[in-house]
Amino acid sequence: AIDIAKLRGQSGLITIDPGYKNTGSTKSAITFLDGEEGILRYRGYNIEDLAENSNFLEVSYLLINGELPTTSQYKTFSHRITKHTLVHEDIKKILDGFPSVAHPMGVLSSLICSLTAFYPNSLDPNNTDEEIQLSIVRLMAKMPTFAAWAYKNKMGHPVNYPDNNLDYCGNFMKMMFALPSEKYEVDPVISRALDKLLILHADHEQNCSTSTVRIVGSSQASIYASISAGINALWGPLHGGANQSVIEMLEAIKNDGGDSKKYLEKAKDKNDPFRLMGFGHRVYKNFDPRAKIIKKAADDVLDKLGIDDAVLDIAKELETAALNDPYFVERKLYPNVDFYSGIIYRALGIPTDMFTVMFALGRLPGWVAQWKEMRENNEPIGRPRQVYVGSTERAYVPMENR
Ligand code: ACO
């Protein structure tokens, strides 16, 4: 039985909801999600429509400002982002301090947080709307530079400066994959697939990292510090790390002889803790609308690159077998977005520990939009309560008497 007296805090009744499964933390006008129907909308626009017809910068504008941009608004927004892609040279010294074994997510969050030092004006909680828009532009512009530099640092390669003649994804791919002296041709099929992936990851209402961004921002910390905290929250394997787990699972199956049927049976065995990574979703119970879109993009990329990779063959076998297996069909376990995103990243030659960085690149406009909404709504500082279960009052015991 629930002891109401125990649940009562000093200022009224306290509810306990571990993981906040049923607790809304805010009202939001940004993203609508219906897990039963498999619906995801940004600002009222269906994700399918946006992925087909829009591009990542336009979707970013929509999320951040609430409306699709006019031609001139879009031009100004993308021009400003292109203009701010360069970062202060001293940030390279911070990068140089990281050993090459540093996880790129730690490097990324540190470099983003370092922007508080280069733009100390952002520490002022009374920044004007114009100053906030400039911080947002800087974040959108510099994040791909930092992400590519984190990769270069890991590889021990010299960093590439941004190429402002390229679009958002093309510039990122060049900074990632080209040597500084090299001419680099952006492949439109690959660039479009990457752009779609970013759109699909751009927001997903009050998930762990987004809630983190809002709660850090609610203390009036700088937008850069808030986004840096969001990157750290995304880093965990239960959140952004799932796409990495998919590829690790596929590699394990390959190394064990490539028998995907055996692993399908293992996943169905209730005495075996193994689960098919990339299948099932807490919220989407019919299908993950993002997965449907990304599957097509994954097929396009694999076709285009003509890739022959045993790991990707295993992915295809598993997918077909699971979709035709009553265990998975009855439990409504469909491939989720992470199943296919990992496959595309691998096909593009992106190493597994960069997968979550790619997720962060996509999620940035969502974090920014949610931070801005929290601020515009003048939300109070986030401060959950607890139910205390520790000792009752005790007298201090001097050390020699313990
Ligand atoms: N493989 C095998 N069986 C599964 C799987 C799976 N991937 N997922 C769920 N099941 C089974 C469960 O064993 C359970 O079976 P039962 O009813 O016979 O006991 C039933 O399906 C329901 O599963 P729950 O765990 O209750 O579903 P829940 O909604 O709590 O879990 C989750 C969702 C965590 C995503 C789960 O499906 C899972 O672990 N999937 C693999 C990990 C993964 O891909 N995570 C990424 C999610 S997407 C994202 O975070 C961006």
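All values reported here derive from a predicted model rather than from experimental measurement.

## Considering the site of the ligand
Neighbouring residues of the ligand: 15 residues in total, closest Ala242, Arg275, Leu276, Phe279 and Gly280. Here the residues of the shell around the ligand sort into 7 nonpolar, 4 polar and 4 charged.

## Structural notes on the nonpolar core
Counting residues in hydrophobic clusters, the biggest one holds 104 residues, and the most contacted among them are Leu108, Ala147, Ile294, Ile344 and Val357. In contact with Leu108, other than residues within four places in its own chain, are Phe146, Ala147, Ala150, Ile231, Val357 and Ala360.

## Some details on the confidence of the model for the chain
Mean pLDDT over the chain works out to 93, with 97% of the residues at or above the 70 mark. The complex model carries a pTM of 0.90, and its ipTM stands at 0.94.

## Re helix α14 (residues 289-305)
Here α14 contains 17 residues, and its C-alpha end-to-end distance of 25 Å stays within 8% of the 24 Å for a straight helix at 1.5 Å per residue. Of the positions making up α14, those classed as buried are Pro289, Arg290, Ala291, Ile293, Ile294, Ala297, Ala298 and Val301. The buried residues of α14 occupy one face: seen down the axis, they fall within an arc of 165°. Packing partners of the buried residues in α14 comprise β4 (39-42), α2 (47-53), α9 (188-201) and α17 (337-347).

## So, the sheet that holds strand β5 (residues 45-46)
Read across the open sheet, the 3 strands follow the order β3-β4-β5; overall the sheet is antiparallel. Edge positions in the open sheet fall to β3 (31-34) and β5, since each of these has one partner strand only.

## Here's the deal with the environment of Asp300
For Asp300, the position within the fold is in helix α14. With 14 residues separating them in the primary sequence, Asp300 and Asn286 have C-alpha atoms 24 Å apart.

## Some words on the environment of Leu68
Topologically, Leu68 is positioned in the loop between α3 (56-65) and α4 (71-83). C-beta crowding within 10 Å serves as the criterion here: with 15 such atoms nearby, Leu68 is assigned to the partly exposed category. Along the sequence, Leu68 and Pro289 sit 221 residues apart, while their C-alpha atoms lie 21 Å from each other. Residues within four places of Leu68 in sequence aside, it is in contact with Glu58 and Leu62.

## Observations concerning the packing of α9 against helix α18 (residues 355-376)
For the pair α9 and α18, the least separation of the axes is 7 Å and the interaxial angle reads 60°. On the basis of the axis angle, α9 is oblique to α18. Along this stretch, α9 crosses α18, giving a crossing that reads as right-handed. In this structure, α9 uses Leu197, Leu198 and His201 to contact α18, whose residues at the interface are Phe359, Leu361, Gly362 and Arg363. Within the contact of α9 with α18, the residues separate by chemical class into 4 nonpolar, 2 polar and 1 charged.

## Overview of the pairing of β3
Sheet analysis places β3 next to β4, joined by 4 bridges and oriented antiparallel. Within β4, the residue paired with Phe32 across the bridge is Arg41. Between β3 and β4, which follow one another and run antiparallel, lie 4 residues, and Gly38 among them has a positive phi close to 70°.

## A short note on the environment of Ser135
Mapped onto the secondary structure, Ser135 falls in helix α7 (residues 129-155). By the C-beta count within 10 Å, which is 20 here, Ser135 ends up buried. For Ser135 and Leu312, which are 177 residues apart along the polypeptide, the C-alpha to C-alpha distance reads 40 Å. In this view, Ser135 contacts Tyr119, Ser122 and Ile223; residues no more than four positions away in its chain are not counted.

About the criteria used
- Residues numbered from 1 in each chain as written.
- Predicted model: local features only at pLDDT ≥ 70, side-chain atom pairs only at ≥ 80, totals over all residues.
- Near = placed C-beta within 6 Å.
- Nonpolar A, V, L, I, M, F, W, Y, C, P; charged D, E, K, R; others polar.
- Core = buried A, V, L, I, M, F, W, Y, C linked by C-beta atoms within 7 Å.
- Buried ≥ 20, exposed ≤ 12 C-beta atoms within 10 Å, placed from the backbone.
- Contact = placed C-beta atoms within 7 Å.
- pLDDT = per-residue confidence, 0-100.
- Helix = DSSP H or I, 4+ residues; strand = E, 2+ residues; numbered from the N terminus.
- Expected span 1.5 Å × (residues − 1).
- Arc of directions from axis to C-beta.
- Pairing = 2+ DSSP bridges.
- Axes fitted to C-alpha atoms, helices over the stretch in contact; angles between N-to-C directions.
- Parallel < 35°, antiparallel > 145°, perpendicular 65-115°, else oblique.
- Left-handed = near helix turned anticlockwise from the far one by under 90°.

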